[in-house]
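Chain by chain, the residues run as shown.
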Amino acid sequence: MKLEIVHYPHPALRHVSKNLKRVDAELRDMVAQMFELMYAHEGVGLAANQVDLPYRLFVANPTGDSQNKEAEQVFINPVISSGKGQMEGDEGCLSIPGVTAPVVRKEKIAVEAYDLTGQTFQGELEGLFARIVQHETDHLDGTLFIDRLSPAQAAEVRDALEEFEIDFTSKRDCGEMPTDEQIATRLAELEQLRA
Ligand code: ZN
């Protein structure tokens with residue numbers, strides 16, 4: 001399956017993913033493709049929803065450096081168990097390219113997840129990595145960073161978001177984009193495969 005990044009307002013971005021119960025070779029291939037797409041678009045994190053997959057997983061590399069394999073991390077079924085402090089910082093999203101805005105996140109978090117080998121791992125994260133994990137975990141719950149903006153910040157990005165909405169509608173109109181129902185059916189089928 002060849003993966004591509006979907007853009008706001010694609011419905012896959014609003015899909016709430018259930019926990020993955022099975023990791024297989026095809027899933028590992030998808031994860032490899034997700035890292036490639038993330039680097040190609042100069043990102044530091046990419047969630048399954050963003051490549052039209054209904055899986056509770058995301059990939060991250062806070063260095064953004066494709067050569068730095070040590071810094072790569074796959075988070076499967078991540079759970080953020082605690083958070084401390086608050087920090088505001090600019091965020092962007094590969095599904096809303098060109099749009100950035102300040103978002104308030106927890107400064108420090110504890111996270112637990114599975115890796116690709118099925119082992120659990122825990123981490124105490126802070127700073128950028130903590131921000132990435134909060135942003136990506138949000139994706140798995142169908143939440144985008146634009147949902148977390150202050151009313152004033154939301155107003156600032158409104159025009160840019162409308163451009164994405166117009167683009168999406170025109171793709172629909174010329175048949176390049178499946179209907180909401182087709183998208184939902186496909187996601188449900190894929191989800192069932194590894195539930
Ligand atoms: Zn994002």
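For clarity, every value in this text was computed on a predicted model and none was experimentally measured.

### Focus on the sheet that holds strand E1 (residues 45-47)
Point 1. If you trace the five strands from one edge of the open sheet to the other, you get E1-E2-E3-E4-E5, paired in antiparallel fashion. Across the chains shown, the open sheet's two edge strands, defined by having one partner strand only, are E1 and strand E5 (120-126). Taking the axes of each pair of neighbouring strands and ignoring which way they run, one obtains an average angle of 35° across the sheet.
Point 2. With four bridges joining them, strand E2 (residues 57-60) and strand E3 (residues 73-91) adopt antiparallel strand pairing. In the sheet register, Val59 faces E3, and the bridge partner there is Val74.
Point 3. Strands in contact with helix H1 (residues 25-40) are E1, E2 and E3; relative to E2, the strand with the most contacts, it is inclined by about 45°.
Point 4. Its contacts with the sheet put helix H2 (residues 127-140) on E1, E2, E3, strand E4 (101-114) and E5, and the angle it makes with E3 is roughly 120°.

### Some details on the coordination of the zinc ion
Point 1. Donor atoms from the polypeptide that bind the zinc ion are Cys93 (SG), His135 (NE2) and His139 (NE2), placed at 2.0 to 2.3 Å.
Point 2. Spacing between the donor residues of the zinc ion along the chain follows C-x41-H-x3-H. Residue His135 and its partner His139 are located together in helix H2, separated by four residues, close to a single helical turn.
Point 3. Accessibility expressed as a relative area gives 7% for His135, which makes it buried.

### Some remarks on H2
Point 1. For H2, with 14 residues, the first-to-last C-alpha span of 21 Å sits near the 20 Å given by 1.5 Å per residue.
Point 2. For H2, a buried count of twelve out of 14 residues is recorded, marking the element as mostly surrounded by other parts of the structure.
Point 3. Restricting attention to buried positions, one finds in H2 the residues Phe129, Ala130, Arg131, Ile132, Val133, Gln134, His135, Glu136, Thr137, Asp138, His139 and Leu140.
Point 4. Residues of H2 that are buried make contact with E1, E2, E3, E4 and E5.
Point 5. Within two residues after H2, Gly142 carries a phi angle of roughly 75°, on the positive side.

### What to know about the side chain of Gln33
Point 1. By the secondary structure assignment, Gln33 is in helix H1.
Point 2. Using a relative accessible area of 14% as the deciding quantity, one classes Gln33 as buried.
Point 3. Residue contacts for Gln33: discarding those within four places in its chain leaves Met1, Lys2 and Leu3.

About the thresholds
Residue indices begin from 1 for each chain and proceed along its sequence in written order. Residues qualify for local features only when their pLDDT is at least 70, as the model is predicted, and side-chain atom pairs are given and counted only at 80 or more; totals for whole chains, interfaces and linings, by contrast, use all residues. Values reported for side chains reflect all heavy atoms of the structure, with hydrogen atoms and water molecules removed beforehand. Strand pairing requires that DSSP identify at least two bridges connecting the strands. Helix and strand assignments come from DSSP, with helices taken as H or I runs of at least 4 residues and strands as E runs of at least 2, each series counted from the N terminus. Here, axes are lines fitted to C-alpha atoms. For helices the fit covers the stretch in contact, and angles between N-to-C directions go from 0 to 180 degrees. A contact between two residues is defined here by any heavy atoms of the two lying within 4.5 Å. Note that water is not among the atoms considered, so a metal site may appear incomplete; the donors listed are N, O and S atoms within 2.8 Å of the metal, with 3.2 Å applied to Na, K and Ca. The cut-offs for exposure are 20% and 50% of the maximum accessible area for each residue type, with area from a 1.4 Å probe on protein chains only; residues under the lower value are buried, those over the upper are exposed, and the others partly exposed. Working rule for helices: expected span equals 1.5 Å times residues minus one.

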